[in-house]
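Structural description and commentary
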Amino acid sequence: MKESLSFELIKKDSRTGARRGRITTPHGTIETPVFMPVGTQATVKAMKPEDVEKTGAEIILGNTYHLYLRPGEDIVREAGGLHKFMNWHRPILTDSGGFQVFSLGKFRKITEEGAKFKSYIDGSSHMMTPESSIEVQTALGSDIMMAFDECVAYPAEKKYVERSLERTTRWLKRCDDHHKRLETKAAMESGSDTMKQALFGIMQGGMFKDLREISAKQITEIDLPGYAIGGLSVGEPKEIMLDILDDCVDLLPEDKPRYLMGVGTPDYLFESVERGVDMFDCVLPTRLARHGMAMTSRGKINIKNAVFARDFSTLDPDCDCYCCRNYSRAYLRHLFKNDEILCSMLLSEHNIHFLVNMMKNIRKAIEEDRFLEYKRKFYNKYGEF
Ligand code: GUN
Ligand code: ZN
């Protein structure tokens, strides 16, 4: 069967690993490098899908773990899939539940079969396996589904990380087998020879370079349309993260998209693009927004600050989002102080627009072979990260 997803490498920066590409999915194309806003509960918090689209975002992320627990994948399937359920008709990537389940700490237990965990909603017991994660993601109908993996905390014993990455590889095989089984069955029913969804594998290996190499070798032996780097940005110092990332990128095939999971501050985005990463996701822009924080071209702003009480200028003079075109800092501060929902809505739209637009500028800079110049200019203006 033909893969549902393809990747085209359009241009490579002459001085760094940065690259400009295009991913084609059943719900449209994605220009890379790309930032993917997170819509955990089938919604990018505080934003209508049409407003997410207006920021220029081309793909959003959904979460298997949350949607499995509530409303349940059967309800999403009955609704006609996640795209229709939430009224977002561009590409969707779903995370497998691996990361969310493993973040539960003492509320979960890992075995070869899968992960047993307690629901954050009512404390009930559940088991997620590579097969059941694929089943749920199939019901959701995402364009890209992620393999069920174990994201190891930092710091961790090398022996544990090694055993864990080997298991993640075995789980990846089980995900791939199950995905193929389901796609073959669906193809027989519909008479199509193209798959509906793409599966990405996830590299683990913690902060150990030799283990990263083993993981990369094992997962790329399975031919998949894309690969992710997991287990980074889990509390390690920035130097360690970038040092490991340097190695990870080179271990992945050049002709497939590379996705760094859970990364989204401007400096990490620049550093990772420079090393050759194509895809990113992070809850940061929307989470910051709900706490009254704005990301601007001149650095982060805390809208609660008293200095903005009479500041009638726009949030970011360089931004042309709906918020910046129509509202002042003083008004946003007033909204925040009164717990008005509109503050979260406006700041979320601005923050997503900011990152999406930054990636757009990065893409243009790569096309014109001036990535490093753009990076320097951005850093100079932004100041402290
Ligand atoms: N999100 C951030 N890091 C990870 C990871 O290592 N695995 C998965 N599945 N999701 C993530
Ligand atoms: Zn704005």
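As a reminder, the structure under discussion sits directly above these lines.
Reading the values: rules and limits
Residues numbered from 1 in each chain as written. Chains lettered and ligands numbered in written order. Predicted model: local features only at pLDDT ≥ 70, side-chain atom pairs only at ≥ 80, totals over all residues. Heavy atoms only, no water. Pairing = 2+ DSSP bridges. Helix = DSSP H or I, 4+ residues; strand = E, 2+ residues; numbered from the N terminus. Axes fitted to C-alpha atoms, helices over the stretch in contact; angles between N-to-C directions. Contact = heavy atoms within 4.5 Å. Donors = N, O, S within 2.8 Å, 3.2 Å for Na, K, Ca; no water. Tetrahedral: all angles 85-135°; square planar, octahedral: opposite > 155°, others 65-115°. Buried < 20%, exposed > 50% of the residue type's maximum accessible area, 1.4 Å probe, protein only. 1 Å grid on protein atoms, 1.4 Å probe; cavity = no way out; pocket = protein on both sides within 12 Å on 5 of 7 lines; lining within 4 Å. Points joined across faces, edges and corners; volume = space filled by probe spheres on them. Nonpolar A, V, L, I, M, F, W, Y, C, P; charged D, E, K, R; others polar. Near = heavy atom within 4 Å. Polar contact = N/O pair within 3.5 Å; in protein donor to acceptor, adjacent residues only side chain to side chain. Areas by Shrake-Rupley, 256 points an atom, 1.4 Å probe, with all protein chains shown as cover. Sits in = over half its atoms within 2 Å of the grid points.

Taken together, the three strands give an open sheet; going across it, the order is S1-S2-S3, and neighbouring strands pair in antiparallel fashion. Of all strands in the sheet, those with a lone pairing partner are strand S1 (6-12) and strand S3 (28-32), marking the two edges. Going from strand to strand, the sheet's axes swing by 15° on average, the running direction of each strand aside. Where S1 and strand S2 (residues 19-25) come together, six bridges link them in antiparallel fashion. By the bridge assignment, Lys 11 is partnered in S2 with Arg 20. Where helix H14 (residues 341-367) meets the sheet, it contacts S1, S2 and S3, and its direction lies at approximately 120° from that of S2.

Now for unusual backbone geometry. Cis geometry marks the peptide bond from Thr 32 to Pro 33, where omega comes out at 5°. As for its placement among the helices and strands, Pro 33 is situated in the loop between S3 and strand S4 (34-37). Its identity is not glycine, yet Ala 46 carries a phi of approximately 70°, on the positive side. Topologically, Ala 46 is positioned in the loop between S4 and helix H1 (49-54). Non-glycine residue Asp 339 carries a positive phi angle of around 55°. Within the secondary structure, Asp 339 sits in the loop between helix H13 (329-337) and H14.

Surrounding the zinc ion (ligand 2) are the protein donor atoms Cys 319 (SG), Cys 321 (SG), Cys 324 (SG) and His 350 (ND1), at 2.1 to 2.3 Å. For the zinc ion (ligand 2), the four donor atoms in the first shell make angles of 100 to 118° at the metal, a pattern classed as tetrahedral.

Below, the discussion takes up the environment of Val 161. Within the secondary structure, Val 161 sits in helix H7 (residues 158-190). For Val 161, a relative accessible area of 2% puts it in the buried group. Distance from Val 161 to Leu 211, taken between C-alpha atoms, is 8.0 Å for residues 50 residues apart in sequence. Residues within four places of Val 161 in sequence aside, it is in contact with Val 152, Ala 156, Gly 205, Gly 206, Phe 208 and Leu 211.

The computed volume of the largest pocket comes to approximately 650 Å³. Forming the boundary of the largest pocket are 30 residues, of which Phe 99, Gln 100, Asp 281, Val 283 and Arg 287 lie nearest the centre. Taken together, the elements giving at least two residues each to the lining of the largest pocket come down to strand S5 (60-63), helix H5 (98-102), strand S14 (279-282) and helix H11 (284-290). When its residues are assigned to classes, the lining of the largest pocket shows 12 nonpolar, 12 polar and six charged. Around the second largest pocket sit 19 residues that line it, and Arg 77, Thr 138, Ala 186, Lys 196 and Gln 197 are the ones nearest its centre. Among the elements of the structure, helix H6 (130-140) and H7 are those that each provide at least two residues to the lining of the second largest pocket.

Right, let's talk about the sheet that holds strand S8 (residues 115-118) for a bit. The strand order S7-S8-S9 describes an open sheet built from three strands, whose pairing is antiparallel. Both edges of this open sheet fall to strand S7 (108-110) and strand S9 (125-128), since each of them pairs with a single strand only. On average, adjacent strands in this sheet sit at an angle of 15° to one another, irrespective of strand direction. Sheet topology places S7 next to S8; three bridges connect them, and they run antiparallel. What sits directly across from Lys 109, in S8, is Lys 116.

Turning our eyes to something else, we now look at empty space enclosed by the protein. Across all of its chains, the model carries two cavities of 30 Å³ or more by this definition. Put simply, the largest cavity is a space of about 50 Å³. Elements represented by at least two residues in the lining of the largest cavity include exactly S4 and H14. Per element, the largest residue contribution to the lining of the largest cavity is three residues, and it comes from H14.

Below, the discussion takes up the site of ligand 1. Taken together, Asp 95, Ser 96, Phe 99, Asp 149, Cys 151, Ile 202, Gln 204, Gly 230, Gly 231, Met 261 and Gly 262 are the residues near ligand 1. Taking Asp 95, its side chain carries an N or O atom lying 2.6 Å from a nitrogen atom of ligand 1. Between Gly 231 and ligand 1, the recorded distance is 2.8 Å, taken from a backbone N or O atom to an oxygen atom. Protein coverage of the free-state accessible area of ligand 1, which is 280 Å², stands at 96%. Its atoms largely coinciding with the cavity grid, ligand 1 occupies the largest pocket. Its residues assigned to classes, the shell around ligand 1 comprises four nonpolar, five polar and two charged.

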